[in-house]
Amino acid sequence: IAVDDEGDVFVNGWGPRNPPKVVEYAAGTSRCTKLALKRPEQDQGVGVGVDPKTDDLIIEDGAGCAGGDEGRITIYQRPYGPRILARHRLHASCPAGFRLDATSSHLLVLDGYSGLRTHGGVHACGLLWVDQRLYPSARGHSMYTAGCARAVTTIPNTLPN
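Here's what I pulled together on the structure shown here. In this text, all values refer to a predicted model and were calculated from it rather than measured experimentally. (Residues numbered from 1 in each chain as written. Predicted model: local features only at pLDDT ≥ 70, side-chain atom pairs only at ≥ 80, totals over all residues. Heavy atoms only, no water.)

Now for the sheet that holds strand β2 (residues 9-13). The 4 strands are arranged β1-β2-β3-β4 in an open sheet whose pairing can be described as antiparallel. If you trace the sheet from one side to the other, it starts and ends with β1 (2-3) and β4 (32-34), each paired once. In the sheet, β2 pairs with strand β3 (residues 21-25) via 5 bridges, with the strands oriented antiparallel. Following the sheet pairing, Val11 is matched in β3 by Val23. (Pairing = 2+ DSSP bridges. Helix = DSSP H or I, 4+ residues; strand = E, 2+ residues; numbered from the N terminus.)

This is the structure we're talking about:
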């Protein structure tokens, strides 16, 4: 889920018998509109965000979690429709969401093996880490071990998403 600076809410997901999609709830409404994106999410929808500097919509998908070369981001310029501004592979293991830093120059991707594992009857989450990439190119690579994280944010977080 993400919110832009006009108060519009964006949600990615799917329902029974429906392929992945991104919908928008315009500010002040409870009705959603399916965005006519050229390439809707593939495999599993993972994340959605809005760049507060440009109003570009960022969709993260392709988390098959087979390891090694998973995930991609697709960037759409407003008005969000069939025109793709940029598309980049993340080359992650199992991407599980993202945030932009306060300058919109770095993409912080939650990555790792997110499934629950049983150790002697006790449930423990798999190893997860935060992978920092340059934004919007998704190049570069810095890794922060997160242990058992389920979400990522930036502090202070003055971003609308």
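In strand β5 (residues 47-50), alternate side chains face the same way, and those of Gly47 and Gly49 on one face and Val48 and Val50 on the other are all buried. Strand direction decides the pairing type here: β5 and strand β6 (residues 57-61), joined by 4 bridges, are antiparallel. For Gly49, the partnering residue across the bridge sits in β6 and is Ile58. (Buried < 20%, exposed > 50% of the residue type's maximum accessible area, 1.4 Å probe, protein only.)

Here we take up the pattern of salt bridges. Per the counting criterion, the structure on display carries 5 salt bridges. When the shortest N-O distance is used, the salt bridge between Asp131 and Arg133 registers 2.7 Å. Under the relative-accessibility criterion, Arg133 is labelled buried at 6%. A single network of salt bridges, built from pairs that share partners, joins Asp4, Glu6, Asp55 and Arg78. (Salt bridge = Lys/Arg side-chain N within 4 Å of Asp/Glu carboxyl O.)

All right, on to the nonpolar core then. Membership of the largest hydrophobic core is limited to 12 residues, which are Ile58, Ile73, Ile75, Ala86, Leu90, Ala92, Phe98, Leu100, Leu107, Val109, Tyr135 and Ala138. At the level of secondary structure, the elements contributing two or more residues to this core comprise β7 (70-76), β8 (84-92), β9 (98-100) and β10 (106-112). The element best represented in this core is β8, accounting for 3 residues. Residue contacts for Leu107: discarding those within four places in its chain leaves Ile73, Leu90, Phe98, Arg99, Leu100, Asp131, Gln132, Arg133, Leu134 and Tyr135. Formed by 11 residues, the second largest nonpolar core is a distinct cluster that contains Phe10, Leu37, Val48 and Leu57. (Core = buried A, V, L, I, M, F, W, Y, C linked by side-chain atoms within 4.5 Å. Contact = heavy atoms within 4.5 Å.)

The sheet built from 4 strands is open, its strands ordered β5-β6-β7-β8 with antiparallel pairing. Each edge of the open sheet carries a strand with a single partner, namely β5 and β8. Averaged over all pairs of adjacent strands, the angle between strand axes in this sheet comes to 15 degrees, irrespective of strand direction. (Axes fitted to C-alpha atoms, helices over the stretch in contact; angles between N-to-C directions.)

With respect to the helices and strands, Asp8 occurs in the loop between β1 and β2. Buried charge Asp8 goes without a salt bridge, the closest partner of opposite sign being Arg78 at 4.0 Å. Only 2.8 Å separates the side chain of Asp8 from the backbone nitrogen of Ala27, close enough to count as a polar contact. If sequence neighbours within four positions are ignored, Asp8 has contacts with Ala2, Val3, Glu24, Tyr25, Ala26, Ala27 and Arg78. (Lys, Arg positive; Asp, Glu negative; His and termini not counted. Polar contact = N/O pair within 3.5 Å; in protein donor to acceptor, adjacent residues only side chain to side chain.)

Bringing the environment of Ala66 into the picture now. Among the secondary structure elements, Ala66 is positioned in the loop between β6 and β7. With a relative accessible area of 69%, Ala66 lands in the exposed category.

So, on to the packing of aromatic side chains. If you walk through the whole model with that rule in mind, you get 1 aromatic pair. Each ring, one from Phe10 and one from Tyr80, has its centre 5.5 Å from the other, and the planes form 80 degrees; the classification is edge-to-face. Here Tyr80 lies in the loop between β7 and β8 and Phe10 lies in strand β2, a separation of 70 residues in the sequence. (Phe/Tyr/Trp six-rings, centres within 6.5 Å; stacked < 30°, edge-to-face > 60°.)

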